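Residue strings, one per chain:
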Amino acid sequence: MRIVEVIGTVTLSRCHPTLTSLRLIIGVPFSLRALRENKGPDGEDLVIVDTLGAGNGSRIGISEGGEAAVPFSPERKPVDAYCACILDRLTVGSLSEGSMHR
């Protein structure tokens, strides 16, 4: 799962028949460095299927690849990224050796 910031929506004049009722958004992923340094997203823009209603500026968690199509199973949809969650808060920190769970 990657953390992404929503920057817009996609409007299609024609689409694959299985995508007709789905909402598509554009997002930019964060690298771990950008999250740690509290900077803006620094990845390459991508199109994401959104069934949760994420708005511009929202930070979301996405699944990609084969996992992105799982929420639609058994129906097959040609998707590469799916909005799995909308994040209310995000805390980035490191675990010290003494606090790691085994």
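Anyway, here's the lowdown on the structure attached to this text. (Residues numbered from 1 in each chain as written. Predicted model: local features only at pLDDT ≥ 70, side-chain atom pairs only at ≥ 80, totals over all residues. Heavy atoms only, no water.)

## Some details on the environment of R33
Of note, R33 is situated in helix α1 (residues 32–36). Here the alpha-carbon distance between R33 and F72, two residues 39 residues apart in the chain, equals 33 Å. (Helix = DSSP H or I, 4+ residues; strand = E, 2+ residues; numbered from the N terminus.)

## Topic: the pairing of strand β4 (residues 59–64)
Two strands pair when backbone bridges link them, and strand β1 (residues 2–10) and β4 are joined in this way by four bridges, in the antiparallel orientation. Bridge pairing in β4 links I3 to G61. Pairing of β4 with strand β5 (residues 81–86) involves five bridges; the strand directions are antiparallel. Opposite G61, over in β5, you have C85 as the bridge partner. (Pairing = 2+ DSSP bridges.)

## Some thoughts on the nonpolar core
Residues V4, V6, I25, L46, I48, A54, I60, I62, A81 and C83 constitute the largest nonpolar core, which totals ten residues. If you list the elements that add at least two residues to this core, you get β1, β3 (46–50), β4 and β5. When sequence neighbours within four positions are dropped, the list of residues in contact with I62 reads M1, R2, V4, L46, I48, A81, Y82, C83 and A84. Ranked by size, the runner-up nonpolar core spans eight residues in total, among them L22, F72, V79 and Y82. (Core = buried A, V, L, I, M, F, W, Y, C linked by side-chain atoms within 4.5 Å. Buried < 20%, exposed > 50% of the residue type's maximum accessible area, 1.4 Å probe, protein only. Contact = heavy atoms within 4.5 Å.)

## Here's the deal with the side chain of D50
For D50, the position within the fold is in strand β3. A polar atom in the side chain of D50 sits 2.9 Å from the backbone nitrogen of L52. A distance of 3.1 Å separates a polar side-chain atom of D50 from the backbone nitrogen of G53. Ignoring sequence-local partners within four residues, the contact set of D50 consists of R23, I25 and C83. (Polar contact = N/O pair within 3.5 Å; in protein donor to acceptor, adjacent residues only side chain to side chain.)

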